[in-house]
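Residue-level listing of the chains:
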Amino acid sequence: MSDRVPSYATSHTAVKQVLAISELKKEFGKVGADEFRKKYAHSFLVLRYSPQDDSDWIDIKTVETSTKKLSQEADHTVPILAVALQKSDRNTYSSKITVGRAKNNDIVIRAPKISKLHCAFRLKKRGRAFELVDMGSSNGTWLNGTRLSKNEASKIKDGDRVTFWRYVFEYLNLDSFISFLNSPT
C-alpha cells in the first residue's frame, strides 16, 4: 500500500447550505471584517474535491448536505463549500475539533471509508495555529499527499491540502479565507 494520496482532479459541486461560499461572501459583505472575525475566530477548510457517490454526505454541525442534492450544472473550477474549524455542541473533547463518521464529531463525513473518529484538529497552546492528528483511522488522514502516522501531531499551515479518504480540503487561516472571499471568483 502506498503512502501517497491519489491525485484527484479538482471537482466542485453547488451546495445550498449555511457554509456555502456564496452565503459566506454575502455574510462577510453585510457584517464586515471585524464582525466576521469575531464569529469565525479560526481557520477554514475549503472543499476542493468530493466524491460523486450517492451514499456519501457531509454533515457540518446540524446541516446535512447530500451528494444527491448537488447541482448537475456546477462550475467545477470554483470551490463552493467551506467548513469553519469551530467546536460544535456535539463533541465532548474540549481541546479537539473532530472529524469522523459518527454524529458526535464537529465535522461529520458520513461515508463508509471514514472512521467513526477519523482525525482531530488541535489548537496549539500559543496562537491560532492548528495541529492535525490522525486518530487511528483505517484509511488514513493525508497532509499534502503524505499519510499521517497514527496519534502523531503534524503542524498544519496556510494552503495545506488535507485529505480524508476521497474528500480533499484546503486549509486556510482566517486572513487567507477573508482574502479568498474578497476575490472576484
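Up top you'll find the structure we're talking about.
Let me begin by describing the structure that accompanies this report. What you see is a predicted model; the values in this text were computed from it and never measured. (Residues numbered from 1 in each chain as written. Predicted model: local features only at pLDDT ≥ 70, side-chain atom pairs only at ≥ 80, totals over all residues. Heavy atoms only, no water.)

1. What about the overall build of the protein chain?
- The helix and strand tally for the protein chain stands at 2 helices and 13 strands.
- Here the protein chain holds 185 residues, and 49% of them are scored as buried.
- Restricting to contacts in the protein chain with at least 6 residues of sequence separation, those with at least 24 account for 56%. (Helix = DSSP H or I, 4+ residues; strand = E, 2+ residues; numbered from the N terminus. Buried < 20%, exposed > 50% of the residue type's maximum accessible area, 1.4 Å probe, protein only. Contact = heavy atoms within 4.5 Å.)

2. Here we look at the nonpolar core
- Ranked by size, the top nonpolar core spans 24 residues in total, and within it Leu45, Leu85, Ile109, Phe121, Phe164 and Phe169 carry the most contacts.
- Only strand E1 (44-49), strand E5 (96-100), strand E6 (107-110), strand E7 (119-123), strand E8 (130-134), strand E12 (161-164) and strand E13 (167-172) provide two or more residues apiece to this core.
- Per-element accounting of this core gives the leading share, 3 residues, to E13.
- If sequence neighbours within four positions are ignored, Phe164 has contacts with Val99, Ile109, Ile114, His118, Cys119, Phe121, Gly140, Thr141 and Phe169.
- Membership of the second largest hydrophobic core comes to 16 residues, among which are Ala84, Leu174, Phe177 and Leu181. (Core = buried A, V, L, I, M, F, W, Y, C linked by side-chain atoms within 4.5 Å.)

3. Notes on the sheet that holds strand E9 (residues 141-143)
- Here 6 strands make up an open sheet; going across it, the order is E4-E1-E13-E12-E9-E10 and the pairing antiparallel. One side of each edge strand has no neighbouring strand; the edge strands of this open sheet are strand E4 (82-84) and strand E10 (146-147).
- By the bridge criterion, 4 bridges tie E12 to E13 in an arrangement that is antiparallel. By the bridge assignment for E13, Val162 is matched with Phe169. (Pairing = 2+ DSSP bridges.)

4. Things to note about the pattern of salt bridges
- Inspection of every chain in the model, using the stated rule, returns 8 salt bridges.
- In this structure, Glu27 and Lys39 form a salt bridge, with 3.0 Å as the shortest nitrogen-oxygen distance.
- The closest approach of N and O atoms between Arg37 and Asp175, which form a salt bridge, is 2.6 Å. Taken together, the positions of Arg37 in helix H1 (residues 21-39) and Asp175 in helix H2 (residues 174-182) put the pair 138 residues apart, joining distant regions of the chain.
- We classify Arg37 as partly exposed; its relative accessible area is 33%. (Salt bridge = Lys/Arg side-chain N within 4 Å of Asp/Glu carboxyl O.)

5. Describing H2
- Every buried residue of H2 is accounted for by Leu174, Phe177, Ile178, Phe180 and Leu181. Around the axis of H2, the buried residues are gathered within 155 degrees of arc, so they sit on the same side.
- Against the buried residues of H2 lie H1, E1, E4 and E13.
- The residue sitting at the N-terminus of H2 and contributing the capping side-chain oxygen is Asn173; that oxygen lies 3.1 Å from the backbone nitrogen of Asp175. (Arc of directions from axis to C-beta. Polar contact = N/O pair within 3.5 Å; in protein donor to acceptor, adjacent residues only side chain to side chain.)

Don't take any of this as a statement about function, it's just geometry.
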